[in-house]
Structures are given as structure tokens and as C-alpha cells.
Amino acid sequence: MAGRKRSIRFKIFAVLLAPVTALAVIWALTAAITLTSGREYLRVGTVYEHIVLPSRAVLTELQHERLMSITFLGGTSAFHADLDAQQKRTDEVAASLAGHAISGRESAPPALWDRTQELLRQLDRLDAVRSQVENREIGRLDALTQYSEIAEVGWQVYDRMMIAPDLDLISQTKAVVLIGRAREIVSQESALLAGTLGTGRMSQREQDMFVDIAAKRSLLYSLGFSGLEGTMRDPYVKLNGTQAYLDFVKLEGTVRDKVRPDQPLPPEAGRWQATAETLSVTLDKLGGDASLEIGNRMQPAVLNLLIRLGVLAVVGLLAVVVTLLVSVRFGRRISAELGALQNAAVDLSDRRLPDIVARLSRGDNVDVVSETPPVMVPGNTAEVATVTNAFTSVQATAVQAAVGQARLRQGVNKVFLNLARRNQSLLHRQLGILDGLERQTEDPNLLEQLFGLDHLTTRMRRHAEGLIILSGATPGRGWREPVALFDVVRASVEEVEDYLRVDVNVSHHAKLVGPAVTDVIHLIAELVENATIFSPPHTRISIHGDLAARGFVLEIEDRGLGLSSEEMETINERLADPPEFDLSDSDRLGLFVVGRLAKRHDIMVNLRPSPYGGTTAIALIPAELVVVPDAAEIAAAEQPMPARPAKAPLLAPVSGKHGAPTATTAGTPGTAAGLNLPRRVRQTNMAPQLREEPSKPDLFSSFQAGWRRAEEEQP
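Calculation notes
Residues numbered from 1 in each chain as written. Predicted model: local features only at pLDDT ≥ 70, side-chain atom pairs only at ≥ 80, totals over all residues. Heavy atoms only, no water. Helix = DSSP H or I, 4+ residues; strand = E, 2+ residues; numbered from the N terminus. Buried < 20%, exposed > 50% of the residue type's maximum accessible area, 1.4 Å probe, protein only. Contact = heavy atoms within 4.5 Å. Areas by Shrake-Rupley, 256 points an atom, 1.4 Å probe, with all protein chains shown as cover. Phe/Tyr/Trp six-rings, centres within 6.5 Å; stacked < 30°, edge-to-face > 60°. Pairing = 2+ DSSP bridges. Polar contact = N/O pair within 3.5 Å; in protein donor to acceptor, adjacent residues only side chain to side chain. Axes fitted to C-alpha atoms, helices over the stretch in contact; angles between N-to-C directions. Parallel < 35°, antiparallel > 145°, perpendicular 65-115°, else oblique. Nonpolar A, V, L, I, M, F, W, Y, C, P; charged D, E, K, R; others polar. Salt bridge = Lys/Arg side-chain N within 4 Å of Asp/Glu carboxyl O. Core = buried A, V, L, I, M, F, W, Y, C linked by side-chain atoms within 4.5 Å. Expected span 1.5 Å × (residues − 1). Lys, Arg positive; Asp, Glu negative; His and termini not counted. pLDDT = per-residue confidence, 0-100.

I tried to follow the overall build of the chain on my own but got confused; where do I start?
A tally of helices and strands in the chain yields 19 helices and ten strands. Of all 715 residues assigned to the chain, the portion counted as buried reaches 45%. Sequence-distant contacts, at least 24 apart, represent 74% of the contacts inside the chain between residues at least 6 apart. Summed over its atoms, the accessible surface of the chain is roughly 37500 Å², and 58% of this surface lies on carbon and sulfur atoms.

And the structure:
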């Protein structure tokens, strides 16, 4: 199905809308991405302030509490005031984390928020662990494990913290977190060593755990250190060369290689816990400094991002506005040029070319050069100029083709007219010869054949006149005086092959003006012939005619198969407004002739379905062509004719193919054999207006005889 038609302006606007929209969308997406990045920086700052820093404080205090708890379990003293104070500090930072977490909830990612809430729930377990420590109901390793599990949840908060959009900050944050986890393991090692110093011995489990976490510490520290860059790396480079770090590495090697399970510790074991604490404190300080450095790096990044966002918004908006203005101006210019070209095309197709064709149809001369001025379209678009030049050539070709077609049509019409005139002249002469033969012949069989030949010649003359009408000319025959419409209808019927099937019931009073007689006879003959051709041969054709308010109405009704509504509508349109004669459409020449004749005399011809299933042709002859006699003329016409002499010969019907006439006398029937036929007197019973001089044979020279035969053969 064809889509909806759009204007040139709309299509140009649609074409320009795509890049403008794409530019606007790209600008909007870029601004949105930049704005999202800025919001991410702001979220990181909020999360750092309300979750990261409080969580770090919780982990630091938790590590101190773990160290003191393991030291308490490794000793024999029941005094634990320092442990109680540390537990109080741990509870305070835990409460601070819970308060800050509420403030940072909107900015925290879901995973980070879940880990924070899990850390707070794990901190609630401290009371049970603390009770077991105070009552010495838990071993050193189990206590270490319990505290380390809680601390692990805190470090998982750090793992979910890496939400900054800056990739460099993300990598540095990951490295700092890895070193922080290494520092957590140093704290675990310190706590484990503190517990063993109280007993002076290290069990196999404690040594195995120390060796495992030492290896883990070394791996995490190496990964974190390798991920640091620039100023973030320098402090740790210095740390690796300090005596504290070297002593701690040496301590780990001693515990791994020289300590024997359940054997007394070496003499230098007294310095182990201090060495581990020193490194733990140093790493804690460096971790805090690294966190501050990350926060400081985020501030200028946020500022630069906001500046970039503002510049992008202004520049992008200006680009969109400029592009829109240029696109609209370009679209208007192209639309104006194409609109001018469209107007020129419409002017040619709707006004100039039809006017030229109409003038050519009237026979006027047309100058192709003057009728095809160059198409002028303002503008400087090369493609539009090319189309304009092509259109100028097209219009010249179209006009030349129209002129050529008109000349060809005129030539064909002249050929038709010339041939028709020749045929008409020959047929007139043939009718005169037939008329003379009919006068001289007394043989009924030969006379019947002459009558048939006379009728055939009359039909041939009608077809010749049809060619004259199609060529736009007028047949040469005509009358000066009005002729009774009844006689006009009878003359029309006589020009049809199956005239014996036609019943005529037409008023005898109305007359038709002389100049229209020939054309009306031809028009009615074509309609009657169509009725006889398109109806079964055993059916009758009825012609009814009478005066009406607007003229004289003739109804020609057949009892054939009829026409479909679409075909009847098409034929009525052609009859109302006959088109130019098309040589390729020669199936309905009669309709072209009827349409031409009806248009010439303003006769309305219309087809409609017949009650008998066939078709009824209605012809309304306008009042201007109808002459209605006064009452005196009607009365004189209706007076009875004087009686003929008793022995006057009459034509009576006899049996035969077409009812050949035989001679009788008044009141005495005769036969074909034994009586001589009377001599036929031409035009004896014709209407006075249709009579002609004997030397000029005409259409009605043989109608009377045929008409009499038809009436006499009817029962």
C-alpha cells in the first residue's frame, strides 16, 4: 500500500533533522556522561568522609583490641584495665561509623552499603568474644580468628569502595587497599607473637599459622607496592629501606626457620613484638597519608570536571544552535528552489499544456518556440539547475509531441473525411441507380432484392457519415424545413439491419428543426442498432417518444442482458463528455458518434437499466430543436384522408422471406402469380418535408417500401 505523500519542505526538514538531532543527542550524552562522572566524584567524596574514614578508625581500634586480647590470653595476670579502655574506644568508633553510615547511605553503592551494614552486625559479636577473653574461655588462636573475621568484613568495605570514575585513582586505591590488608596481617602477626611471648613457647599450630599469614603478607605487600605510582610510591620505597622493615622481614624468617614447636624461644624473641608493632604503626601512618593523597587528588579532578562540563555545555549548545540555523536556512533555500520548479511543472501540466492541446483541437496554429520559454528557477544549487534545464527540454519535447499528435490526428481526420466523402458520393449515386431500377422493375422477387440492396446501401451511407462525424465535419445532407419526429424516428429505424424487430410509438405532432434532422436520424439509428445487436433476435425493441417540459424525450428499450453498473457509468460519462477519438478503442464507434452528435446539438443521452433486464437509452432533445404545431395544425393533420378509388392498386403482404409485396385491388385479395404489380411511385407516402426532387435521390428513397413491408407482415 502506498505510503502517505509528504511535501518537499517536510522531507528536507526530515533530512536535516537527523544530523541536528544526532548532534544534539551526542552533546546531551557527552554532557550526561561528564555530569555523571562529576556526580561519581562527589559520591566518592561523600563515601570517603562518612564510611571510609570511620571504617578505617574501626579497623585500627579493632586491631589494638585484638593485640591486647591475645596478650591478655598469653599472660597469667588477671588485670585488664587497659583492655577495658581499648574496648570502650572500639565501641565509640563503631557507634560513630553507624551514625556516619546513615548520612552516606544515598551516595554509597548498594554493595558498599551492604558490607558496611554487615560490619556493624559483626561488631555486635564483640561482646560475646570479649566475655570469652575475660573468662579465659577461648584460646589465643581462636580469639585471633574471631577478631580477624570481623576485621575481614571491614576490609571488604574497602573492596567495595572503588567507585571513582578516574582509572588512575582506581588503580592507586586498589594498591593502597592491598597494602592496608598487608598491614592487617602484620597486626595479626604482632598479636600472635604477643601471645607466645607470655608462655615463652610457640605451638605447632601457632607456628604454622604464622608462616601462612607471613607468606600472605609478603604477597599482598608486593602486589600493592607494584601498583603504586609517583608520589604514592615514594613513601613505601623509603619504608622498604628502613631498619624496622628489614628487622620485621628477618623476624618472619627466624620464626619460620629457627623456632621449634613447643621449644623455648630464641633470646631475640623479646624484641619480636616491638618490631611488629613498629612496622604496623608505620604502615598505618602511611596508609592514612595515602588515603589523604587520594582525597586531595579527587578535589582538582572534580573541579576540572565541572569546568569541562560547563565548557562542553556552552560549546555544545552553540554548535547545536548554529547547526540548526544553518540547516533551516539551507532547507528553506532548497525548498524554495524545488517549490519554484514544482510550480513550473504544475503550470505546464495543469494550464499551459492543456491549453495548447485545446487550441490544437480547435485547429489553431501553435508555435513551439514561443510556447516553451525556458524555466527560470532562482537559486544557485547545481542539481536544481540541472533539473531545471532538463525540465525545460522536457516541456519543449512535450509541446512538440502534442503538436505532432494534433497534426497526426488532423491528418487521420482528413483521411477519414476524404474517404467518407468519396464513399458518401458513391453511395448517393448507388442509391439513385437503385431507385431507378426499383421504378423500372415489376418482378416481385427482383424488387425484393433491390429493396434489400437499397437498405444495405443506406446502412453503408450511415457508416460513411459516421466517419465524417468522427473526423469533426458535418454530413452534406440537410433539410431547411422542420420534419415530424415520427418520420425522423422511422427514417432512423430504416437504417438498422433488424428494423423489423422495432416497434415505434412516437407522437405525430412534434417536429424537428431541419438543420438537426440528419444528425438526430444518425444518433437514433446508432442507439437502435446497439439495442438490436445486444439483445436476443426473437425479442422486440420499443421506441417511445413524446413531449416533455424541457423538450422531446425518446426512450429506446431492449430486452437483452443489460450492462454492469460500472460499465454503464463509464458509457454515460463518455456520452455526457465525449473524449477525443482513440484509434485503439474502435469497439464502440457508435458510442463515439452518439457522443459527438449529442454534444453538437446539446442532446442529453443517458443509459439506465430496463425493467425487462436489458438497457433503456433515453435521449432528451432540447426544446430549442423541437417545433410544436398549434391546435389548428394538429386538427388539420388529424382529419380523415379522402377515400381512394375502388380499383386503386395497393401493396398487400404475401408469404416470403421478408414479405415481398404483391398487387391487389380494393377489396379483392390478389396473388403474386396471375396479377401484374403496380408501378412503384417514389416518395408517394412520405412526409412532405422529407420529399425531394426525383432527380436527387436521398436517404428516404427506399425507406417507405421497407416500412410498409414491416407493417404488413405484423399480425
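Having seen the model, we can carry on.
In this structure, what is going on with the packing of aromatic side chains? I would like to understand it.
Geometry of an aromatic ring pair is reported as the spacing of the ring centres plus the angle between the planes. Summed over the entire model, instances satisfying the criterion amount to two aromatic pairs. A ring pair is formed by Y221 and F225, whose centres lie 6.3 Å apart and whose planes are at 15°; its orientation type is stacked. With Y221 and F225 both in helix α7 (residues 204-227) and four residues apart, the pair spans about one turn of that helix. Seen in terms of ring centroids, Y221 and Y245 are 5.5 Å apart; in terms of plane orientation they differ by 35°. Their pairing is tilted. Of the two residues, Y221 is situated in helix α7 and Y245 in helix α9 (residues 243-257); the sequence distance between them amounts to 24 residues.

Sorry, what's going on with unusual backbone geometry here?
For residues besides glycine, phi is generally negative; the peptide bonds are generally trans as well. Phi at R136 takes a positive value of approximately 55°, unusual for a residue other than glycine. Following the sequence through the fold, R136 ends up in the loop between α4 (126-134) and α5 (140-159). With relative accessibility at 34%, the residue R136 sits in the partly exposed group. You will see that D602, though not glycine, has its phi angle at about 55°, which is positive. You can see D602 is positioned in the loop between α17 (589-601) and β6 (604-609).

Just to check I follow, could you spell out the sheet that holds strand β1 (residues 483-484) for this structure?
Strands pair in a sheet through their backbones, by hydrogen bonds, and they do so in one of two ways: parallel or antiparallel. In spatial order, the strands read β1-β3-β8; together these three strands make up an open sheet with antiparallel pairing. What marks the edges here is a single partner per strand, and that holds for β1 and β8 (626-627). Relative to β8, strand β3 (residues 511-512) is paired through two bridges, and the arrangement is antiparallel. Looking at the pairing, K511 lines up with V627 of β8.

Sorry if this is basic, but what is going on with the side chain of H601 here?
Locating H601 in the fold gives a position in helix α17. Given the relative accessible area of 15%, H601 is considered buried. Polar side-chain contacts of H601 include one of 2.6 Å to the side chain of D519. Among residues more than four places away in sequence, those in contact with H601 are P515, A516, D519, P622 and L625.

What exactly am I supposed to notice about the packing of α5 against α7 here?
When two helices pack together, their arrangement is given by the angle between the helix axes and by the axis-to-axis distance. Relative orientation of the contacting elements α5 and α7 amounts to 30°, with a least axis distance of 10 Å. Comparing their axes, α7 and α5 come out roughly parallel. For the pair α5 and α7, contact is made by R140, L141, D142, L144 and T145 and by R205, E206 and M209, respectively. Split by residue class, the contact of α5 with α7 holds three nonpolar, one polar and four charged.

Honestly, the sheet that holds strand β5 (residues 551-557) in this entry has me stumped. Any pointers?
Across the sheet, five strands lie side by side as β2-β4-β5-β7-β6; this open sheet has mixed pairing. At either margin of the open sheet sits one strand with a lone partner, and together these are β2 (502-506) and β6. Taking the axes of each pair of neighbouring strands and ignoring which way they run, one obtains an average angle of 15° across the sheet. Pairing of β2 with strand β4 (residues 541-548), which is carried by five bridges, proceeds in the parallel orientation. Note that in β4 the partner of D503 across the bridge is S542. With respect to the sheet, helix α14 (residues 485-494) is in contact with β2, β4, β5 and β7 (615-622), its orientation differing from that of β2 by roughly 170°. Most of the contacts of helix α15 (residues 517-533) go to β5, to which it runs at about 25°, and overall it touches β2, β4, β5, β6 and β7.

I'm lost on the pattern of salt bridges in this one. Help?
Side chains that carry opposite charge are capable of pairing whenever their charged atoms lie near each other. Counted by the stated rule, this structure contains 18 salt bridges. As a salt-bridge pair, E184 and R66 come within 2.6 Å of each other at their nearest N and O atoms. Of this pair, E184 sits in helix α6 (residues 167-199) while R66 sits in helix α1 (residues 8-74), and the two are 118 residues apart along the sequence. Considered together, E184 and R66 belong to a single accessibility category, that of buried residues. The partner of E252 in a salt bridge is R217, with the nearest N and O atoms 2.6 Å apart. Note that E252 is positioned in helix α9 and R217 in helix α7, a separation of 35 residues in sequence. On the basis of relative accessible area, E252 is assigned to the buried category, the value being 5%. Among the residues examined, R217 registers a relative accessible area of 3% and is labelled buried. Among the charged side chains, a salt-bridge network with shared partners connects E65, D91, D127 and R130.

Is there a simple way to explain the pairing of β4 in this structure?
On any regular strand, side chains alternate: one points to one face of the sheet, the next to the other face. Where β4 meets β5, seven bridges bridge the pair, whose relative direction is antiparallel. Along β5, the bridge assignment pairs A548 with G551. Linking two consecutive strands that pair antiparallel, namely β4 and β5, is a turn of two residues.

Before we go on, may I ask you to explain the nonpolar core in this structure?
Buried together is how nonpolar side chains tend to be arranged in soluble globular proteins. Counting residues in each nonpolar core, the largest one holds 49 residues, and the members touching the most others are L123, V133, L193, V255 and W272. Looking at this core, the elements with two or more residues in it are α1, α2 (81-103), α3 (110-123), α4, α5, α6 and α9. With eleven residues, the top contributor of residues to this core is α1. Excluding its chain neighbours within four sequence positions, the residues that come into contact with L123 are V58, A94 and I150. Judged by nonpolar contacts, the second largest core, of 45 residues, contains V483, V489, V502 and M568.

Where do I start with α3 in this structure?
Since there are 3.6 residues in each turn of an α-helix, residues three or four apart along the chain are aligned in direction. An ideal rise of 1.5 Å per residue puts 20 Å on 14 residues; α3 measures up with 20 Å between its terminal C-alpha atoms. Among all positions in α3, only L112, W113, T116, E118, L119, L120, Q122 and L123 are buried.

Looking at this structure, I do not really get the pairing of β5. What am I missing?
Along β5, six of the seven residues are buried, which leaves the element largely enclosed by surrounding structure. Here seven bridges tie β5 to β7, and the two strands are oriented antiparallel to one another. From the neighbouring strand, E557 faces β7, where its bridge partner is T616.

Would you mind showing me how to read the side chain of E277 here?
Take E277: it is sitting in helix α10 (residues 272-361). Nearest to the buried, unbridged E277 among oppositely charged side chains is R183, at 7.0 Å. Ignoring anything within four residues of it in the chain, the contact list for E277 reads L67 and S190.

Explanation requested: the environment of L53 in the structure shown.
If you trace the backbone, L53 turns up in helix α1. The spatial distance from the C-alpha of L53 to the C-alpha of G288 is 9.1 Å, given a sequence separation of 235 residues.

Explanation requested: the confidence of the model for the chain in the structure shown.
In low-pLDDT segments, the atomic positions of the prediction should not be examined closely. Per-chain confidence: the chain averages 75 in pLDDT, with 76% of residues scoring 70 or above. In the model, residues 643-687 has pLDDT below 50 throughout and makes 82 contacts with residues more than four positions away in sequence or in other chains. This stretch, residues 692-707, has a pLDDT under 50; its non-local contacts, to residues over four places away or in other chains, come to 53 contacts.

Quick question: what am I supposed to make of α15 here?
Over its 17 residues, α15 runs 24 Å from end to end, which matches the ideal 24 Å to within 8%, given 1.5 Å per residue. Most of α15 is tucked away: 15 of the 17 residues are buried.

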